[in-house]
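One-letter residues, chain by chain:
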Amino acid sequence: MSWRLKALSANLLGLISPASVLCIWETAGALGWINPVLLPRPSLILRSLVDLVGDGAVFSPLLHTIALFAVGYGLACVIGICIGVAMATNQVLYGLLEPLTECIRPIPKSALVPVLFLFLGIGRATMITVVVLAAVFPVLISTFQGVRGLDPVLLETARTFQVRRQRTIFSIILPASLPMILAGMRVALGLGLVLVILAEMLAGEDGVGFRILDLQRSFQIRDMFAWIFVLVLLGGGLMMLFDVAERRLVPWRGRT
Amino acid sequence: MSERLGFEHVTKVYESAGADFVAFDDITLEASPSEFLAIVGPSGCGKSTLLKMAAGLIPPTKGKVQLGGNTVSAPPPGVIYLFQQYAKSLFAWRTVIDNVMFPLEGAPRSQRAELRARCEDYLRQVGLSGFENSYPWQLSGGMQQRVAIARALAADPQVLLLDEPFSAVDALTRMELQTLVLQLWERRKFTAILVTHDVEEAIFLADRVAVLSARPTSLKEIIDVGLPRPRDQLATREDPRFLKLRHHLTTSLLAKGSGHVVAA
């Protein structure tokens, strides 16, 4: 069997469990085992979802959420990688920053959303900041560990070829620790998404998070679930994109 | 081009809590320009540390390493290190040709095409034509070490330091790589210093073999190999002089304690 076929069958295998859950849910709904008002059948939710996409109502809140998330996540990755590399390669910076990061890191970032509303107001600045705060630490920590864990042979090779420090960072240290950096970015992706939805719920202006809470409050449960399905697709889609990017960027992972 | 590389009264002491740990004591040893010098010693005697001092990667506690007329304090240009762990020394994110090009990347862009052609020739010399656009992790161990050798050639080595470079490949590949390094050495005439625990490899490749004692490591003896060149994997290894040297060196290495062994 070719690897393409194998990958395809693995993907199909992965579809079995969510499909079973949907089937059981649908059957339970049709047989009247669950309250259709609180938990509508997936087929009905799907119909709401189709309507949502059909009349274009999905796009504005979705773009709002994606834009906030993308800016926050992008900033978090850049900041996390920079600080991670700096801390791993410079003992003074490590001494300065390590206590601070260890203080902020364990705080559940959701607890900071009300605080940030105070200082940054209820708006984009807060939402982006909260995504940055949530996503930056996984990137920072794995970048740090990736750089610290580089084989001395690699760095000694660079030294014997007279590579200057700055070039070592860009042409050796960053590419060599890329597998670890991406592992951190993967964790950060999930966390950032959680926080952007939560912040939207608390800010109550726009976005998928706001929609979900708003529909729950006005008891439009079917539409609320349709938006949750939108989030499932968004999260799954981002993870798939991430997988593709990772395979292209670090094809050597696990082979050296 | 090649340079003289000398260790002068080199001592390395590692400071640890309580007792200092003497890795070597007062080693004086020299490789003349274009010489192939092998250093053998029991495992754990710090052979690699000695080589890393020559590369300017580790400073000696006392004494100095001299390259040409200069004292080595940082990795000097033209001193290239071939690691035992070739896979870790290659850049996995670069193709084979880009690995070989690495030492030349400081050069102006206008020379790129010419340098690339030169690097393709180095790959041909190590028998890797056609693998330019492969990645190191797609190659076998022996081929990866060939990439590392081609990259070393690209850096135009005056001194090539070989740190057990063939100990992680199978026996047949090892012989092929030994022959390859000898051919390249005869062509380019760089100074070569090989560290190995393999007595036969040392005799087969080197002009002289320096024997180190167990810890605290000191120089036990230096023998002249004196076997004719070009050397051949079969003829040289079957030469009675080869066997005599092997007997002598093995006895010397197997002898316990730091006492000097009587020459054969």
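Since we're looking at a predicted model, the values are computed, not measured. (Residues numbered from 1 in each chain as written. Chains lettered and ligands numbered in written order. Predicted model: local features only at pLDDT ≥ 70, side-chain atom pairs only at ≥ 80, totals over all residues.)

**Thoughts on the overall build of chain B**
Worth spelling out the cut-off: Strands here are runs of E lasting at least two residues and helices are runs of H or I lasting at least four, both read from the DSSP assignment and numbered beginning at the N terminus. Put simply, the radius of gyration uses C-alpha atoms, and a globule should come to 2.2 Å times the residue count raised to 0.38. The burial criterion counts other C-beta atoms lying within 10 Å of a residue's C-beta, which is placed from the backbone; the residue is buried at 20 or more, exposed at 12 or fewer, and partly exposed between these limits.
Of the regular secondary structure elements, chain B holds 9 helices and 10 strands. Here the C-alpha atoms of chain B give a radius of gyration of 19 Å, agreeing with the 18 Å that 2.2 N^0.38 yields for 264 residues. Its C-alpha atoms give chain B principal-axis dimensions of roughly 55 × 45 × 35 Å. Here chain B holds 264 residues, and 43% of them are scored as buried.

**Some details on the overall build of chain A**
Counted only if it meets this: With C-beta atoms placed from the backbone, a contact is any residue pair whose C-beta atoms sit within 7 Å.
Scanning chain A from N- to C-terminus turns up 10 helices and 0 strands. Here the C-alpha coordinates of chain A stretch approximately 70 × 60 × 30 Å along the principal axes. The contacts in chain A between residues at least 6 apart in sequence include a share of 73% that link residues at least 24 apart.

**Here we look at the sheet that holds strand S7 (residues 159-163) of chain B**
Residues and elements named next belong to chain B. Rules: A pair of strands is labelled paired if DSSP reports no fewer than 2 bridges between them. Interaxial angles span 0 to 180 degrees and are taken between N-to-C directions of axes, which are lines fitted to C-alpha atoms, for helices over the stretch in contact.
Taking strand neighbours across the sheet as the criterion, the 6 strands line up as S6-S7-S8-S3-S9-S10 in an open arrangement whose pairing is mixed. The sheet is open, and its two borders are formed by strand S6 (79-82) and strand S10 (219-224), each paired with just one other strand. The average undirected angle you get between the axes of adjacent strands in this sheet is 15 degrees. Of the strand pairs in this sheet, strand S3 (residues 36-40) and strand S8 (residues 191-196) are connected by 5 bridges, and their pairing is parallel.

**As for the pairing of strand S4 (residues 62-67) of chain B**
All names here are of chain B. Across 5 bridges, strand S1 (residues 5-15) lies against S4 in antiparallel orientation. Bridge assignment links glycine 6 to a residue of S4, and that residue is glutamine 66. Counted along the chain from S4 to the antiparallel partner strand S5 (residues 70-71), the turn is 2 residues long, and its residue glycine 68 has a positive phi close to 60 degrees.

**Some remarks on the packing of helix H5 (residues 141-154) of chain B against helix H6 (residues 171-188) of chain B**
Residues and elements named next belong to chain B. Applicable threshold: When an angle is under 35 degrees it counts as roughly parallel; over 145 it counts as roughly antiparallel; between 65 and 115 it counts as roughly perpendicular; any other value is oblique. Two helices crossing with the near one rotated counterclockwise from the far one by less than a right angle form a left-handed crossing, whereas a clockwise rotation gives a right-handed crossing.
At their nearest, the axes of H5 and H6 sit 11 Å apart, and the two run at 10 degrees to each other. As judged from the angle between their axes, H5 and H6 are roughly parallel. Note that H5 runs across H6; the crossing there is right-handed. Across from Gly142, Gln145, Ile149 and Leu153 in H5, the residues of H6 making contact are Thr173, Glu176, Leu177, Leu180, Val181 and Leu184.

**Overview of the pairing of S3(B)**
Residues and elements named next belong to chain B. Counting buried residues in S3 gives 5 out of 5 residues, a clear majority hidden from the surface. Alternating residues of S3 divide into Phe36, Ala38 and Val40 and Leu37 and Ile39, and every residue in both groups is buried. Of the pairings in the sheet, the one linking S3 to strand S9 (residues 208-212) comprises 4 bridges and is parallel in character. Bridge pairing links isoleucine 39 to alanine 210 in S9.

**Re helix H4 (residues 91-104) of chain A**
Residues and elements named next belong to chain A. Filter applied, for reference: Expected helix span is computed as 1.5 Å times (number of residues minus one). Working definition for bend: take the seven residues up to and ending at a residue and the seven starting at it, fit an axis to each, and measure the angle between the axes.
Here H4 is 14 residues long and its end C-alpha atoms lie 20 Å apart, about the 20 Å a rise of 1.5 Å per residue gives. Residue leucine 97 marks the point of greatest curvature in H4, where the axis turns by about 35 degrees; the proline proline 99 follows within four residues. Of all 14 residues making up H4, only 0 are buried, and the element is barely covered by its neighbours.

**As for the domain arrangement of chain B**
Residue and element names in this part refer to chain B. To keep things clear, this is the line we draw: All the domain ranges listed were derived from an automatic or database domain assignment.
In terms of domains, chain B is made up of domain 1 (5-78 + 159-263) and domain 2 (92-156). Computed over C-alpha atoms, the centres of domain 1 and domain 2 are 27 Å apart. Taken together, the 11 residues of domain 1 in the interface contact 9 residues of domain 2. By residue number, the principal contributor to the side of domain 1 that touches domain 2 is H6, which donates 6 residues.

**So, the interface of chain A and chain B**
Often, the extent of an interface is quoted as the loss of accessible area on bringing the components together. Where we set the bar: Residue type decides the class: Asp, Glu, Lys and Arg count as charged, Ala, Val, Leu, Ile, Met, Phe, Trp, Tyr, Cys and Pro as nonpolar, and the leftover types, Gly among them, as polar.
Facing 13 residues of chain A, the contacting portion of chain B comprises 19 residues. In terms of residue count, the dominant contributor to the side of chain A that touches chain B is helix H7 (residues 152-160) of chain A (6 residues). Residues that form the side of chain A that touches chain B fall into these classes: 5 nonpolar, 4 polar and 4 charged.

**Looking at unusual backbone geometry**
Residues and elements named next belong to chain B. Each neighbour pair has its own omega, and for arginine 229 with proline 230 the value is -5 degrees, a cis peptide bond. Phi is positive for glutamate 164, which is not a glycine, with a value near 40 degrees. Mapped onto the secondary structure, glutamate 164 falls in the loop between S7 and H6. Positive phi, normally seen in glycine, also occurs at lysine 189, with a value near 55 degrees. Relative to the assigned elements, lysine 189 resides in the loop between H6 and S8. Judged by the 14 C-beta atoms lying within 10 Å of it, lysine 189 is partly exposed.

**Let's talk about the nonpolar core**
The following threshold applies: The nonpolar core criterion groups buried Ala, Val, Leu, Ile, Met, Phe, Trp, Tyr and Cys residues into a set whenever they are joined through C-beta atoms within 7 Å.
Within the largest apolar cluster, 136 residues are counted, with the highest numbers of intra-cluster contacts made by Val131(A), Val100(B), Leu161(B), Ile193(B) and Val209(B). In terms of residues, this core owes the most to one element, helix H8 (residues 165-203) of chain A, which gives 17 residues. Residues from two domains meet in this core; each of domain 1 (5-78 + 159-263) and domain 2 (92-156) of chain B gives at least three. If near-sequence neighbours (up to four positions away) are discounted, Val131(A) is found in contact with Leu68(A), Phe69(A), Gly72(A), Tyr73(A), Ala76(A), Gly192(A), Leu195(A) and Val196(A).

**Brief notes about the confidence of the model for chain A**
Inclusion rule: The predictor rates its confidence in each residue with pLDDT, a number between 0 and 100.
Residue-level pLDDT values for chain A average 93, and 98% of them are 70 or greater. Looking over chain A, one finds the lowest element-wise mean pLDDT in helix H1 (residues 3-30) of chain A, namely 87, and the highest in helix H3 (residues 59-89) of chain A, namely 97.

**Section: H8(A)**
With 39 residues, H8(A) extends just 45 Å between its outermost C-alpha atoms, more than 12% less than the 57 Å of an ideal straight helix rising 1.5 Å per residue. Maximal helix bending in H8(A) amounts to about 60 degrees, located at Leu178(A); proline Pro179(A) follows within four positions.

**Notes on the environment of Trp252(A)**
You can see Trp252(A) is positioned in the segment after helix H10 (221-249). The class of Trp252(A) is partly exposed, set by 16 C-beta atoms lying within 10 Å. C-alpha of Trp252(A) to C-alpha of Ile141(A): the two residues are 111 residues apart in sequence and 22 Å apart in space. Here Trp252(A) is in contact with Ala92(B), Trp93(B), Tyr135(B) and Trp137(B), once residues within four sequence places are set aside.

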